[in-house]
Each structure stands twice: as C-alpha cells, then as structure tokens.
Amino acid sequence: MDLVFDSTLLSRLQFALTTMFHIIWPLLSIGLSIFLVVLEVLWMRSKDPLYYRHYRFWSKLFVLNFAVGVVSGIPLEFQFGANWERFSVATGGFFGSILGFEATMAFMLEAAFLYLMLFGWKRLPPKAHLFSTCMVALGASLSAFWIMVANSWMQTPAGGHFAGGKFVTTSYWQAIFNPDLPWGFSHMWVACLETTLFVVGGVSAWYLLRGRHREFFLKSFKLAVLAAVFIAPFQVWLGDGSGRAVAEYQPTKLGAIESHWVTNPPGEGAPWHALAWPQPELQRNAWSIDIPYGLSLLITRSFTGQVKGLKDFPRQDQPPVIIPYFAFRVMLGAGFGMLFLMLWTLWLWRKGRLALDEIGNQKWLLRAWLLAIPAAYAAVETGWIIREMGRQPWVIFGHLRTADASSLLATGQVASTLVMYLLIYGALLGVFLFFAWRLIKKGPDLEAVPPYYQEAAS
Amino acid sequence: MSPAHADLALVWYLLLALVLALTLLLDGLDLGVGILSLFVGREEQRGQMMASVAGVWHANQTWLVVLGALLFGAFPLVYGLALSALYLPVALMLLGFILRGVSIEYYEHADRPRRWSLAFGLGSLLAAVAQGLGLGALLAGLPLSAGRYLGGAWAWLSPFAVAVCLGLLGSYLLLGAAWLVLKTGGELQAKARRAARAVAFFLLIAAPLLILWSRGLHPFLSARWLAWPGLLVSSLPLALAAPCFVALVVCLARSWDAGCFWFALLLNLLLLLSLAGSIYPVVVPPGLTVFQAAAGAINLKFMLSGVAVVLPLMLAYNAYQYWVFRGKVEPGAGYE
C-alpha cells in the first residue's frame, strides 16, 4: 500500500498527466503559427483574398488551441519547485536558467505579439502585422528549443559535474548543446510540423468529404500534401538518427525500447524483435517474432555490430520495458502510416485524382487523412512516453534518481492536486473539442474583406 | 562567496525585484479588473471590462512565468523551498489562472457569456487570494532548518498571511479600478472611480498596520528601520507614498483619468519598494539570504548576459503593445 500512495509516485503521475496533456497544444501552436506566416506571405504577394480568409479561419483554431496550451503549460513550470524541490536544488541553477531563457526570449514574445496579430488588423500597417505573425512563430519555436535543451540535458547531462549533490556548470555551451539536443530538438520540432500538416490536411479532407467549400479547402489540402512530401520522410530519417543516438548515450533506454536483453556475441548479429512479449522479471521475452541481424543493422549499420542488452546492466538501473516497447511500436506504425499516406496521395495527385471535380470521389483517401489526425497525436504521445520512461530510474540520467528528486510532501497534498488537474484538464479538453467542433462546422467566412489590398483584389 | 559572486547575487536580487514589481503591478491590474467584474450587474459592462484587458492580460501574466523561471535559475533554493512549502496556495493560484485564461479567450465564442464572465471573475479572485496568502506566508517566514522546510501542508496559513492577502487584494483592486477609469467612460467609469476611492482609503489604513505588524513579527526589520541606510531605503518610499495618495484622491475628484491611473501605479510601486528595501538581503525570513540561496557565479553571469539583452527588448515591445491598444473601450465592443 505504501508504494501505491507514495508521494513521489503521485508526483510522477501528476507530472506525466500534466505534461502529456500539455504537449497536445504546442504541436499546433508551433506548426500553425508557421503556417499562418506562409499564408500571410502568400496573401501579401498574390493579393488573393482566399489566403487572407484561410489565415482568418486557421487563426481562430490557433487561438482556441493556444489558450489551452498556455493555461495548461504554466503549472508545469511551477511543478518543478512544488513537486520536485530536490531536483530543482540539485540542478544548481542551470535548469532554471534555461527555463528563464525560454520565458524571457520566447514566451513573452509570443504573448505580446499574439494579440497584435489577432486584434491588430486595423491598428497596424501590413508589414507590422506580418512582423507580429513572424514573432509569434519565432516565439513558439524558440520556446520548443529551450524546453528541448532542458529536457535533453536531463537525458545526456553535459557541461559540468555533480559536487555535493549539486550540478556545477563549467561550460554553458556544452551543457546546452549536449549530445541529445540536436536529435531531440529536431525530432520534436518536425513532429510539430508533421502533426500540424496532418491536422490542416485532415480538417480540409473533412470538408472535401462533405463537399463543402471544396475549392477553398482543396487549396489547404494540397499545401498540406506538399509539406508532407518533405516532412514525413525527413521525420523517419530523424527518428532513425535519434534511435542510434539513444543506443550510444542511453543504452538502457534502447534495451527497453527493443526489449533487447542479451548482448550479441562477437560475430553474431542482434535480431530485431518486431513483436514480442517482454518479461522483465525473468529478464527475457516470453516469445518474439524476430528479424535476424535487424537490430545490429539498424543501430550499427553492420550485420554483426554489437548492441548492448539490458542484462548487462544491474536491475536497479533498468527502466520499465513493457510500456516503452509497445509505445515504440505505436509510434513507428503511426510514423510509417503517415509516410505511406503521403505517397498514396502523391500517386493519386499524379493521376489527376485531386482535381476539383475528382477529389470528392476519393472517399477512402480522405478518410485516411481524417484518421491521420489522431495517429499524429498518438505518435507524439508515445514518443514522449518512450523518451521519459526510458530514462528511468533516473531523472538526470546517470546522476540523480527520480526517487531522490521529489519534494518531501504529504501524499494527501499531491493526491488533491492530482485530482484537481484530472478534473480541470478533462474539462479543458471537453471545452476545446466543443468549441473547435463548432468552429469547424460553421466553416470559414468566405466573404471576409481583407483590411489591405482591397483595390488590388477587386 | 567571493565579492564578485555576491555582487552578481545583488544584481539578480534587484532584477527579480523589478520583475516582481512588473508582475504585481501589471497582472495585478487585470486580476483587479476580474475581481471588480464580480460586482458589476450588466453583462455588457462585464464584456467591456474583459475587452479592456483582452490585448494585454496574457503578456501581464507572463511576467509571473518569467519571475518563476528566473527565480529558479538565480536562487534555486528559494524557488524549491517556497513552491513546495506553499504547495496548496500555488495549486489554487494555478487553478485560478486556468479559469481566468480560458474564460477570457473563449468568451467571444460563447452562447452563454454569463458563465464565462463569472469564471473570469472567480478565477481572478482565486488567483489573487492565493497569491496574497502565499506572499503573506513568505513574509511571515518559513520554518527552515539546514535548507529544509519543516512545516506541514497548512503551515502557510496564519492571521498575518490573511492580513497580507487583504492588503494585496486592496492593491489589485486599486490598480484594476484605476485601469477602468483610464479605459472606459460613462457609467462604468463612474463606478470604477468610486471603487478606486474606497480602496485607496482602505489601503491608507491597511498599509501602516501591515508594516507595524511585520516589524512586530521580525525583530530584524525593526533594527533595519532604526539604522542608516536601512532607514532610508525602507522609509523614503513610504514618505513619498503620502503625497502620492493625496494626488490620487485629487485626480479622482477632478476626473483626471490619466493622473488617476499613474498615481495608483506609483502608489503601489512605492509600497513595494519599501517592502523590498526593508527585507533585503533576506529573501525568506527569518534567515535565508540572497547570498545563501544564489546559484553558481557562472549561472548568474551567463543568465545575466542573456537577460540584459532581452529584458530591454521585452519592455520595449510590451510598451508598444500598450500603445497599439491605447484608448477607451466602448461597451459591448471587442477588439478587431
């Protein structure tokens, strides 16, 4: 019973709940803000009011999404101190200074220019408005950068040493650009773009399926497909690179992701367990469907390259296996699914099936695009589960255990806030879905008159 | 601690005091507007009140996020101790912010606006009360031993914390009312003017009482007030607050809207300055000083080099934002 009601465990549950809920929203805030920049530039160059109306339509969805992202994100910053006091003190100011950069460089930029962008159509000259849109996009992506710096430092701490239980920074450069950062940030940032393009494509597909505003939404659908051509394969490549970095710097995490127990002996290849049932208590898999040499090839690019198995590490340093293993398979499936959807769409486009009078007949394609929306979100959520669970039992990999990082709180305190967050975040999700659904049902304002360039358009 | 490290700690103390002042003054203003909206009967006027802060509330709230993050970086010990000791008030404050933030953004889409304006008012009240109790608990002092907090879940609740909370509510209400005097006209403005006057007189009585009470609580504060230069930094702002109060009351009587707003802002700033001046270098009474709580010199220096560049930019574009959204807000009108 003690284990179940342990306040560290409750703090972990609360952190998992609040971050897994929060991460839903920055995906669109980051991606849509860049999409809005693209739309505004297209509009300013072509003077075509269609782009302006797209901007207005998607910016409404952007605000609904952004509002939930902001209010659900603020508790995270305060949780470090409230629930993870010993972690906060142990990072010796480094971690906090990174959050400080995020707040001052990114968060405020976004907060101030968002309202200039939303309410400034009649108050700002055209270029100042475009500048505001750009600053919102810059703020959103910078915010992602600093957050990923903080998180990747917890994965592969660098740029200093621990003395007396506290991190002493010696090189900010090395700490910021720690080994995990390039992969961690790029994989996540591209995930934001990919999720956004499948949301834009999926919502557009919904209208195309219904035969509403076909001309209008065919435009955004094709923009999404074009973006997918670059982004979907790029993300698969980044995922592969991330996996190899994990093998190098966090071999226990890789072992958990692949349920790989035994290091392959020299001259033999490590198989890839495509599907298996891990039994961590017995340090093996009950059964597995293997692809011979698969894991060696994936990680080392050679048939017999050595990949360390979990059994090489003491039990108390091993992360949980079952959840990361299956979460990885979900992420992989979603990522390749989106890649194939892009290829399928491209093939039909080449055959002329995306023309205005043809697109309505591509029911299965459009339904697949609708399905890609939850798939994209599932890929991000499972990706984060892998990343964070795979780091266990460490909170700062190799240096500070999660069990030594929490605040010494009474369980009742943490339990009460956990329930509070469950209720309020549930309500937030409900409210967002209700209003977003209403917004989508209502559709875009095809009569909206642009504030500038009316003469050119008429 | 080397002298250079101590200087850095002092610089960060001053910077954080500045960000705290921006948080309390600017976000205080829209929290005050939110609380006042609970006392307004007509939906149209509540909408007008929300519209008056629609363009700026989010940036104002972000100062608190900036404060939290910079405190984490510069004084990680204070950040960890204060937030875990004040666990419940912090959670309630965050709940208040969630209610306030969502309701203000979703208000214009709502079929039943009353629900959302009520959530806006209650969220603002909850956040303000929680902040007041938390601030009061910090000023009352946390039971610490060897860098560990020894109190329980409810140790933050004390009569003194409640008194500080009432004082902070008064301060927010004054700022909110003065903002409405500046941004609205007609009936709503007249109401705001009456509220501002009532709250100003409340503060005139409450502020000296709170100062006396805190001196009774902490002997080191009394010592500070009797010796040079502590006498100057803690009492000069108070000496200036008196004429400022008179000017505020005159502006309210003569309907000088801009003067009313600026004097309300200045009055609150002076009270804050007096507070910061009296307790320095203690950050958590009775015994935790900035020097004990500071992060490593390299952290303070690196952070300073970033923030020294960004902070002026932040202030500049925040000011630009206020400039773009200047002018009165009409009843029933949002921004477009």
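This structure is a prediction, so every number in the text was calculated from the model and none was measured. (Residues numbered from 1 in each chain as written. Chains lettered and ligands numbered in written order. Predicted model: local features only at pLDDT ≥ 70, side-chain atom pairs only at ≥ 80, totals over all residues. Heavy atoms only, no water.)

**Describing the packing of aromatic side chains**
Residues and elements named next belong to chain A.
For step 1, the next point in the chain: In the structure shown here, the tally under the stated rule is 63 aromatic pairs over all chains.
For step 2, the next point in the chain: Aromatic side chains F15 and F80 sit 5.6 Å apart centroid to centroid with 50° between the ring planes, which places their arrangement in the tilted category. With a gap of 65 residues between them, F15 in helix α1 (residues 7-22) and F80 in helix α3 (residues 49-83) connect regions that are remote in the sequence. The two residues F15 and F80 agree in class, both being buried.
For step 3, the next point in the chain: Judged by centre distance (5.8 Å) and plane angle (40°), the ring pair of Y115 and F119 falls under tilted. Here Y115 and its partner F119 are both found in helix α5 (residues 94-119), 4 residues apart, which amounts to about one turn of the helix. Neither Y115 nor F119 differs from the other in exposure class; each is buried. (Phe/Tyr/Trp six-rings, centres within 6.5 Å; stacked < 30°, edge-to-face > 60°. Helix = DSSP H or I, 4+ residues; strand = E, 2+ residues; numbered from the N terminus. Buried < 20%, exposed > 50% of the residue type's maximum accessible area, 1.4 Å probe, protein only.)

**Here we look at the side chain of H5 of chain B**
All names here are of chain B.
For step 1, the next point in the chain: Following the sequence through the fold, H5 ends up in helix α1 (residues 3-37).
For step 2, the next point in the chain: Take H5: its relative accessible area is 15%, and that puts it in the buried class.
For step 3, the next point in the chain: Sequence-distant contacts of H5, that is, excluding residues within four places in its chain, are made with A294, A295, G296, A297 and L300. (Contact = heavy atoms within 4.5 Å.)

**Some thoughts on the packing of helix α2 (residues 24-46) of chain A against helix α8 (residues 181-210) of chain A**
When two helices pack together, their arrangement is given by the angle between their axes and by how far apart the axes lie.
Residue and element names in this part refer to chain A.
For step 1, the next point in the chain: For the pair α2 and α8, interaxial distance at closest approach is 8 Å and the crossing angle is 75°. Classed by the angle they form, the pair α2 and α8 counts as roughly perpendicular. Touching P26, L27, L28, I30, G31, L32, I34 and F35 of α2 are M188, W189, A191, C192, L193, T195, T196, V199 and V200, all from α8. (Axes fitted to C-alpha atoms, helices over the stretch in contact; angles between N-to-C directions. Parallel < 35°, antiparallel > 145°, perpendicular 65-115°, else oblique.)

**A look at the confidence of the model for chain B**
For step 1, the next point in the chain: Of the residues in chain B, 98% reach a pLDDT of 70 or more, and the chain-wide mean stands at 89.
For step 2, the next point in the chain: Overall fold confidence for the complex sits at a pTM of 0.93, while the interface term, ipTM, reaches 0.90. (pLDDT = per-residue confidence, 0-100.)

**A look at the state of the cysteines**
Residues and elements named next belong to chain B.
For step 1, the next point in the chain: With the rule as written, the count across this model stands at 0 disulfides over all chains.
For step 2, the next point in the chain: C251 carries a free sulfur, and the closest cysteine sulfur to it, the one in C260, is 6.6 Å from it.
For step 3, the next point in the chain: With a relative accessible area of 6%, C251 lands in the buried category. (Disulfide = S-S within 2.5 Å.)

**Considering the pattern of salt bridges**
For step 1, the next point in the chain: Within the structure shown, the criterion is met by 15 salt bridges over all chains.
For step 2, the next point in the chain: Close ionic contact of R329 of chain A with E258 of chain A constitutes a salt bridge, the shortest N to O distance being 2.8 Å. Highlighted residues: R329 of chain A in helix α12 (residues 322-350) and E258 of chain A in helix α10 (residues 251-258), separated in sequence by 71 residues.
For step 3, the next point in the chain: On the accessibility criterion, R329 of chain A (13% relative accessible area) is buried.
For step 4, the next point in the chain: Residue D317 of chain A is joined to R401 of chain A by a salt bridge in which the shortest nitrogen-to-oxygen separation is 2.6 Å. One end of the pair, D317 of chain A, is in the loop between α11 (294-300) and α12; the other, R401 of chain A, is in strand β6 (residues 400-401), with 84 residues separating them in the sequence.
For step 5, the next point in the chain: Residue classification places D317 of chain A among the buried residues on the basis of a relative accessible area of 18%.
For step 6, the next point in the chain: On the basis of relative accessible area, R401 of chain A is assigned to the partly exposed category, the value being 24%.
For step 7, the next point in the chain: Each member of the salt-bridge network shares a partner with another, and the members are R42, E44, E187 and K191 of chain B. (Salt bridge = Lys/Arg side-chain N within 4 Å of Asp/Glu carboxyl O.)

**Considering the interface of chain A and chain B**
For step 1, the next point in the chain: Facing the 69 residues of chain A at the interface are 62 residues of chain B.
For step 2, the next point in the chain: Of the roughly 5800 Å² buried between chain A and chain B on both sides combined, carbon and sulfur atoms contribute 74%.
For step 3, the next point in the chain: On the chain A side of the interface with chain B, the three residues burying the most area are F78, M108 and Y115 of chain A, jointly 12% of the side's total.
For step 4, the next point in the chain: For the pair chain A and chain B, the interface holds 1 salt bridge.
For step 5, the next point in the chain: For R438 of chain A, the salt bridge is made with D111 of chain B, and the minimal N-O distance between the two is 2.6 Å.
For step 6, the next point in the chain: Our count for the contact surface shared by chain A and chain B stands at 13 residue pairs in polar contact (both at pLDDT 80 or more).
For step 7, the next point in the chain: Elements represented by at least two residues in the side of chain A that touches chain B include exactly α3, α4 (85-90), α5, α7 (172-176) and α14 (411-442) of chain A.
For step 8, the next point in the chain: The element contributing the most residues to the side of chain A that touches chain B is α5 of chain A, with 20 residues. (Buried area = accessible area lost by both parts, 1.4 Å probe. Polar contact = N/O pair within 3.5 Å; in protein donor to acceptor, adjacent residues only side chain to side chain.)

**Remarks on the pairing of strand β1 (residues 160-163) of chain A**
Residues and elements named next belong to chain A.
For step 1, the next point in the chain: Bridge analysis of β1 against strand β2 (residues 166-169) gives 4 bridges, and the strand direction is antiparallel. The residue bridging F162 from the neighbouring strand is F167, located in β2.
For step 2, the next point in the chain: As consecutive antiparallel partners, β1 and β2 are separated by 2 residues, and within that stretch G164 has a phi angle of approximately 60°, a positive value. (Pairing = 2+ DSSP bridges.)

**Details of the side chain of R100 of chain B**
All names here are of chain B.
For step 1, the next point in the chain: Within the secondary structure layout, R100 lies in helix α5 (residues 87-106).
For step 2, the next point in the chain: Of the polar contacts made by the side chain of R100, one reaches the side chain of D27; its length is 3.1 Å.
For step 3, the next point in the chain: Polar side-chain contacts of R100 include one of 3.2 Å to the side chain of Q61.
For step 4, the next point in the chain: Setting aside its immediate chain neighbours within four residues, R100 contacts D27, D30, L31, W57, Q61, A119, F120, G123 and S124.

**Side note on unusual backbone geometry**
For step 1, the next point in the chain: Residue P393 of chain A follows Q392 of chain A across a cis peptide bond; omega there is 0°.
For step 2, the next point in the chain: For S259 of chain A, which is not glycine, the phi dihedral falls at a positive 50°.
For step 3, the next point in the chain: Given a relative accessible area of 0%, S259 of chain A falls into the buried group.
For step 4, the next point in the chain: Although it is not a glycine, S255 of chain B sits at a positive phi angle of roughly 60°.
For step 5, the next point in the chain: Note that S255 of chain B resides in the loop between α10 (230-254) and α11 (257-279).

**Some remarks on the environment of L116 of chain A**
For step 1, the next point in the chain: Structurally, the position occupied by L116 of chain A is in helix α5.
For step 2, the next point in the chain: Its relative accessible area of 0% is what places L116 of chain A among the buried residues.
For step 3, the next point in the chain: Residues L116 of chain A and T133 of chain A lie 17 residues apart in sequence; the distance between their C-alpha atoms is 8.4 Å.
For step 4, the next point in the chain: Beyond its immediate chain neighbours, meaning those up to four positions away, L116 of chain A contacts L124, H129 and S132 of chain A together with Y320, Q321, V324 and F325 of chain B.

**Here's the deal with the nonpolar core**
For step 1, the next point in the chain: Formed by 257 residues in total, the largest nonpolar core has its most connected members in W58, F87, F221 and W369 of chain A together with W12 of chain B.
For step 2, the next point in the chain: Counting residues per element, this core draws most heavily on α3 of chain A, which supplies 19 residues.
For step 3, the next point in the chain: Beyond its immediate chain neighbours, meaning those up to four positions away, W12 of chain B contacts L70, A74, F75, L300, M303, L304 and V307 of chain B.
For step 4, the next point in the chain: Core analysis: the next-biggest nonpolar cluster, separate from the first, contains 8 residues, V246, A247, L254 and L295 of chain A among them. (Core = buried A, V, L, I, M, F, W, Y, C linked by side-chain atoms within 4.5 Å.)

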